[in-house]
Every structure is written in structure tokens, then in C-alpha cells.
Amino acid sequence: MDFLSNMLQRYPELAVFLAIGLGYWVGGFKVRGVGFGPVTGSLLAGLLIGYFVRVPVSDTAKQVLFLMFMFGIGYSVGPSFFRGMKDGGWRWVVIGIVVPVAGLLTAWGLAVLLKLEVGYAVGLLSGGLTESPAIGTGSEAIRNLPISVEEKDRLISQIAVADALCYIFGTFGVIWFCSSLGPKLLGLDLKAEGAKLELVYGIQRQKAGVTSAWRKFDLRAYRFQSDHPAVGQTVAWVESLYAPERVFVERIRRDGSLLLAAPDTVLLAGDIVAVSGKSDVIIKLLDGNAVEEPDRELRDIPSAVFDVVLSDSRLFGKTVAQVAEQAEEVRGVFLRRIRRDGVEIPVGSGTVLQRGDVLSIVGLEPAVERVAARIGSVVRDMDSTDFVALGFGIFIGAVVGTSLVLPIGSMHIAIGSSVGTLILGLLVGWRNSAKPLFGRISHGALEFMKSIGLAGFVAMIGLKAGPVFVDALREVGLTIFLAGIVVTMVPQFVGLLVGRYLLGLEPLLLLGALAGAQTMTAGLAAVQEKSDSPVAVIGYSGTVALGHILLTTWGTVIVWLLV
């Protein structure tokens, strides 16, 4: 033990990595689907190590990690944040604001009522609302206060204690409310509601973990006999005949030659036609009145699957069915998947497309390239990261944050480098959604920045707070824990009332939105499990970006309110 203690004191960076490793290990354990997660796990591991070993912690290293995280989280939610503020779906924006504001006011009111010091108040807010980044913004705001360094360190150490106490119920509380208490208050049968909404959105269910061996989209060849109704008609007429089912003529073999199928091409008896579409649709429409041919050369057309960021304003707010009706615009292409803010959205005829959605489209390569160029920008699988944009983005954001000073009472306090970096991340991420080559950050680099940046930061917070953890626990433990329950639950009740009875939101989607507004992915998963449907993610995706941004900045705001 002495050897390990001396090692960690001589090489404090090892203590950080030990806390991260332990944190991810402990955070992976779940009881009935509820666990601490890697970030809180790293905080608890840091507190434990710091209690037994006084590890010197570098404020510079801590801030570097946190600024990386703040830029990463801003970058990842930027497109959806600005889309939510500008486009339709204003009711989701209202919920995305109401729930975080209710959480802030509750934490502030309890801090004043219980006469909590500002450090405990920040931890009460970050843990009760399960938004660990607020630890960082609150710590920076305390650093900017005109008090001694010792007093700043003492107050910041309180944050880790209160956050660890409140996060315990914070996680469980959101899951329980969204999946059990909320539905009971609404008199809601989650499974029946899920099935109803799936019909509304045209979503077809599949068993979990089961995929079909059937090829959903196919290209088949048929010979048209002289008595076939397509003979003597143009390609456009034939495709319009099957328009509701979207079947397309791609190529034609005529007298041994291969021809491209243009809309005005007239089909003749004996033509062998390559037809693309959904497999079951092609079989249903053509197998009974045309002869299938094993013409490999005719069907040897390159196919492609592209991920495209939707930027065509003509498609914003339209359903998948409405877009499919635009025959020429999307001819020959089928929608396979939609991702919104990194979350996969169920695809159905009633699913509404939004700015910045990543559409996975499939079809023959020429058609996919043509449609992709019309509706947005193709997201290529690139492992490279624009470190120029990353470095300058964090630098400029931090400079702006430290330069913007707000008068708070008799003091003048900067908004902070972390909040400034968050704002720059939002802007760069939003711009990248429209111009994918601008400020490109690869998925792997972004996940590293968000995961290790925050886990390393809170681990160091824990290491520094470890020596005072037990004493603080004895002093305010029960009070903070009970206050955390109130901070977790009040925003959920307020959001439920406002969303259902003032805004008239669909109850199942509202439950997903409440989980998103408090950035609790596990809450969404619980709702999806209880409803046996993925549809609640539509509400979640409408609020999670606002939740991340507002709850993160509340760490700064609650310090301003209490000084």
C-alpha cells in the first residue's frame, strides 16, 4: 500500500488513469438496468483514491480535458440545437427549456432555503439533474470569484461530494418517473400507446435481435411478352402505374444490346427489363405477368449506400411519404435509415424529416449520387480530423468566454472559458452539418474528446476532494441527498404537466422528451423497453440538445445567483 501511495504521489498522472479505469469498470455494472455510468464512476473512484492518497492535481491539465469535452459536446449537438430553435417543433423547444429551468430554480431555491454553500449548491444541481459537465462550469465560476485560493479549493471540493450523493437518485429517479410513475399519472398503457403511434408513423415492428435473411431492396430482370400492359408504353408511364409501391426501370436489353432507361423510352415486346425496388413489391407486381430472366450482365449495375446530411430546405418538415411522392427528385433511391443527433429514428411513412438529419439512402450508384447531390452533402467515412478548426475553436471560444464580463451585483464576472468554448463548439458543429468538409472532426476523435475529457476531468475533481469527502458527508450528507431527490423530481412533474396539458404532446413522446431534457439516455431506454417500441426516441431527440446546453451552463448560472 505504501508503494502504491508513493507511486501515485510521485506520478499523479497515474492516479488519473487509475481512476478512469476503475470508473469505467464500476460504471459498467447495472442493477435492473440502472448504473452509475463511467463519468460518475470516475468521480467516485477519484474520491476513493483521493481519500487514501493525497494526490497533487494540476489545474491546467484538468482544464485542458474539460475544454476538450466542452468543445466536443457543443460540436455534437450544434446542428440539432440551432435546428430546434429555428425550425418547427416549437413544442419540443418549450419542453427542452421548461425542464432545465425548473431544475435550476429548484436547486437555487433549495440552496437558499437550506443555506447551502455555493459548492454544495453546484453539486446539488449537477447530480440532481444528472449533468456532470455542470461540475466544470460551476468550478470555473467559483475560480473567478474574488476570494482566496484556499477558499476556492474548499468550495470546489464540495461540488464532488454533493454531485456523488445526488447522482445516485438522479439516475434512478428519471428512469422511474419516465417509465413507471409518469405513465401511471397519465393513465397510460405504454405498449398500447407504442403500437398506436407506430401505426401513425407507419413503423413496422421487428423482433429484437432478429433480422431477416430477405433482401429488402433488389434488382431483378423480366422479359415483357407482347400481351404485357407495359408494351408500347414509356418508362415513365410504367413507373407511374406502380407509383405507390415505387418500382423503377433501370436498364433494358433489346436485341442483345443494353440500353439505359430514360423516362421517355418506349418498351417493346421481347424487351428484358432490369427493375429495382423492394423485393416483396417486385415479386407481387411482376412475377404473375412477366417472365423472370437470369440476365447477370443486365443486372450488373453498381449499387451504393450513402449517408447524406439533409440540407435541402424543400424537404424540411415533410414526411417520408410526402418525399417519396416527388417521383423525379428521388427516383430510384430508397430510404434505409435516419439518424438524428447520433440517435437512430424509426423510419415510417409518417416520420418527419428535419434539417441536419443523416439519411442513409440506397439504390443504384448513379441514382444515389444524383439524389444525394440534390438533397444535401454526402458524409464520407473519413478518419481525419481538422485540428486547425479544433485548436482555434477552443482557443477563440475560451478567449471570448474570458473576455465577456457580466455585472453580477457589485461584482463583474466573466462567463468563463468553458461556456465560451461550448458556444464555439455549437457554431462549428452547426456549420459542419451544412458543409461537412468544414471543421471536420471524426467520430472516433469526437467520442474520445467527450468520454475521456469529462471522465478525466471529474476523476481529478474527485482526487482533489477525496481528503474532505468523509467529513463533508457527515456534515451535509442526508440533507444534500434528500434535496437531490427534490431537484430530480420537480422538473419531471413540471415537464409532464406543461407538455401534456398546455402543449398537448403525445404522452409517449412526452416521456421520451422528459428523459432528453434531463439528458438521461437510460430513461429513454426504459421507456422503449416498457412500451416495446422505439418511437419515444422522437421526443427524446427533440429536447436532448437543449438539455445538454442549458444544464451545462447552469453550473455557471447558479454560482451567479448565489454570490
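The residue numbers shown here count from 1 along each chain, following its written sequence. Predicted model: local features are reported for residues with pLDDT of at least 70 only, side-chain atom pairs are reported and counted for 80 or more only, and whole-chain, interface and lining totals are derived from all residues. With hydrogens and water excluded, all non-hydrogen atoms of the structure serve as input to the side-chain values.

What follows covers the packing of aromatic side chains. When the centres of two rings from Phe, Tyr and Trp lie within 6.5 Å, Trp using its six-membered ring, the rings pair. Their planes under 30 degrees apart give stacked, over 60 give edge-to-face, and anything left gives tilted. Counting across every chain of the model gives eight aromatic pairs. Taken together, the aromatic side chains of Phe 66, Phe 69 and Phe 457 make up a single cluster linked through ring pairs.

What follows covers the side chain of Arg 254. Position of Arg 254 relative to the elements: it lies in strand S2 (residues 248–254). Reaching out from Arg 254, the side chain makes a polar contact with the backbone oxygen of Val 266 at a distance of 2.8 Å. Residues in contact with Arg 254, not counting those within four places in the same chain, are Leu 259, Val 266, Leu 267, Leu 268 and Asp 271. Helix numbering and strand numbering both begin at the N terminus, where a helix is a DSSP run of H or I of at least 4 residues and a strand a DSSP run of E of at least 2. We define a polar contact as two N or O atoms separated by no more than 3.5 Å, with the added condition that, inside protein, one atom must be a possible hydrogen donor and the other a possible acceptor, whereas residues neighbouring each other in sequence contribute only through side-chain atom pairs. Only heavy atoms enter the contact rule, under which two residues are in contact if any of them lie within 4.5 Å.

Further remarks concern unusual backbone geometry. Glycine aside, the phi torsion of most residues is negative, and most peptide linkages are trans. Look at Lys 115: it is not a glycine, yet its phi comes out positive at around 55°. With respect to the element layout, Lys 115 can be found in the loop between helix H5 (90–113) and helix H6 (118–128). Type-normalised accessible area, obtained with a 1.4 Å probe on protein chains alone, sets the label of each residue: buried when under 20%, exposed when over 50%, and partly exposed for intermediate values. Residue Lys 115 is classed as exposed on the basis of its relative accessible area of 71%. In this structure, Asp 532 takes a positive phi of about 55° despite not being glycine. For Asp 532, the position within the fold is in the loop between helix H19 (521–531) and helix H20 (537–562).

What follows is about a nonpolar patch on the surface. A surface patch of nonpolar side chains, about 640 Å² in accessible area, is lined by Val 388, Phe 392, Phe 395, Ile 396, Val 399, Val 400 and Leu 404. Within the secondary structure, Phe 392 sits in helix H15 (residues 387–403). Surface patches are defined over residues having more than 30% relative accessible area and no salt bridge, joining like charges when they lie within 9 Å and nonpolar side chains (Val, Leu, Ile, Met, Phe, Trp, Tyr) when within 5 Å. Note on areas: Shrake-Rupley, 1.4 Å probe, and residue coverage restricted to the protein chains presented here. Salt bridges are defined by distance alone: a side-chain nitrogen of Lys or Arg within 4 Å of a carboxyl oxygen of Asp or Glu.

For the rest of this paragraph, the subject is empty space enclosed by the protein. Rolled over the atoms, a probe sized like a water molecule indicates the empty space that remains. The definitions used throughout rest on a 1 Å grid laid over the protein atoms alone, on which a cavity is an enclosed set of points accommodating a 1.4 Å probe that cannot get out and a pocket is an open set flanked by protein within 12 Å on both sides along at least five of seven lines; lining residues are those having an atom within 4 Å of a point. Grid points are joined across faces, edges and corners, and a volume is the space filled by probe spheres set on the points. Going through the model one piece at a time under the given rule, you end up with three cavities of 30 Å³ or more. Its boundaries defined by the atoms lining it, the largest cavity holds a volume of some 50 Å³. In terms of lining, the largest cavity is formed by Lys 62, Asp 153, Ile 156, Ser 157, Ile 461, Lys 464 and Ala 465. Where the lining of the largest cavity is concerned, the elements lending two or more residues are helix H8 (149–186) and helix H17 (443–502). All amino acids are sorted into three groups, where Ala, Val, Leu, Ile, Met, Phe, Trp, Tyr, Cys and Pro are nonpolar, Asp, Glu, Lys and Arg are charged, and the leftover types, Gly among them, are polar. Residues of the lining of the largest cavity, tallied by class, amount to three nonpolar, one polar and three charged.

Bringing the side chain of Ser 132 into the picture now. Locating Ser 132 in the fold gives a position in the loop between H6 and helix H7 (133–143). Not counting the four nearest positions on each side in its chain, Ser 132 is found in contact with Val 39, Thr 40, Ser 126, Tyr 167 and Leu 454.

The next subject is helix H14 (residues 365–375). Of all the residues in H14, the buried ones are Ala 367, Val 368, Val 371, Ala 372 and Ile 375. All buried residues of H14 project into a common sector of 125° when viewed along the axis, lining one side. With respect to the buried face of H14, the exposed residues turned more than 90 degrees away are Pro 366 and Ala 373. Contacts from the buried residues of H14 go to strand S6 (303–310), strand S7 (333–340), strand S9 (358–364) and strand S10 (376–378). What the arc measures is the spread of directions leading from the helix axis to the C-beta atoms.

The tally for this structure, following the rule as stated, stands at 13 salt bridges. For Arg 143, the salt bridge identified is with Asp 153, shortest N-O distance 2.8 Å. Here Arg 143 is found in helix H7, whereas its partner Asp 153 is found in helix H8, with 10 residues between them in sequence. Its salt-bridge partner being Glu 151, residue Arg 154 comes within 2.8 Å of it at the nearest N-O pair. Linking Arg 154 with Glu 151, this pair stays in helix H8, spanning three residues, or about one helical turn. According to the relative accessible area criterion, Glu 151 is partly exposed, its value standing at 27%. Put simply, Asp 59, Lys 62, Arg 143, Asp 153 and Lys 464 are held in one network by salt bridges that share partners.

Quick look at the sheet that holds S7 now. By this definition, two strands are paired if DSSP reports at least two bridges between them. Spatially, five strands are ordered S8-S7-S9-S6-S10 in an open sheet, and the strand pairing comes out antiparallel. This sheet does not close on itself; its edge strands, each paired only once, are strand S8 (343–345) and S10. On average, each strand axis in the sheet is inclined to that of its neighbour by 35°, with strand direction left out of account. Bridging between S6 and S9 involves seven bridges; their strand directions are antiparallel. The residue bridging Ala 304 from the neighbouring strand is Gly 363, located in S9. Throughout, an axis means a line fitted to C-alpha atoms (over the contacting stretch in the case of helices), and angles, computed between N-to-C directions, take values from 0 to 180 degrees. Sheet contacts for H14: S6, S7, S9 and S10; angle to S9, the most-contacted strand, approximately 150°.

With that settled, the discussion passes to the environment of Gly 397. With respect to the helices and strands, the residue Gly 397 is situated in helix H15. The class of Gly 397 is buried, set by a relative accessible area of 0%. Between the C-alpha atom of Gly 397 and that of Leu 67, which follows or precedes it by 330 residues, the distance is 9.4 Å. Non-local contacts of Gly 397, meaning those with residues more than four positions away in its chain, are made with Ser 417, Gly 420, Thr 421 and Leu 424.

Our focus in this paragraph is the packing of H8 against H19. Close contact between H8 and H19 brings their axes to 8 Å; oriented N to C, the two are set at 25°. By the angle between their directions, the pair H8 and H19 is classed as roughly parallel. The hand of the H8/H19 crossing is right-handed. Across from Ile 175, Cys 178, Ser 179 and Ser 180 in H8, the residues of H19 making contact are Ala 522, Gly 523, Ala 526, Val 527 and Lys 530. Residues belonging to the contact of H8 with H19 are distributed by class as follows: five nonpolar, three polar and one charged. When describing relative orientation, an angle under 35 degrees is termed roughly parallel and one over 145 degrees roughly antiparallel, while 65 to 115 degrees is termed roughly perpendicular and anything else oblique. Crossing handedness is read from the near helix: turned anticlockwise from the far helix by less than a right angle, it gives a left-handed crossing, and turned clockwise, a right-handed one.

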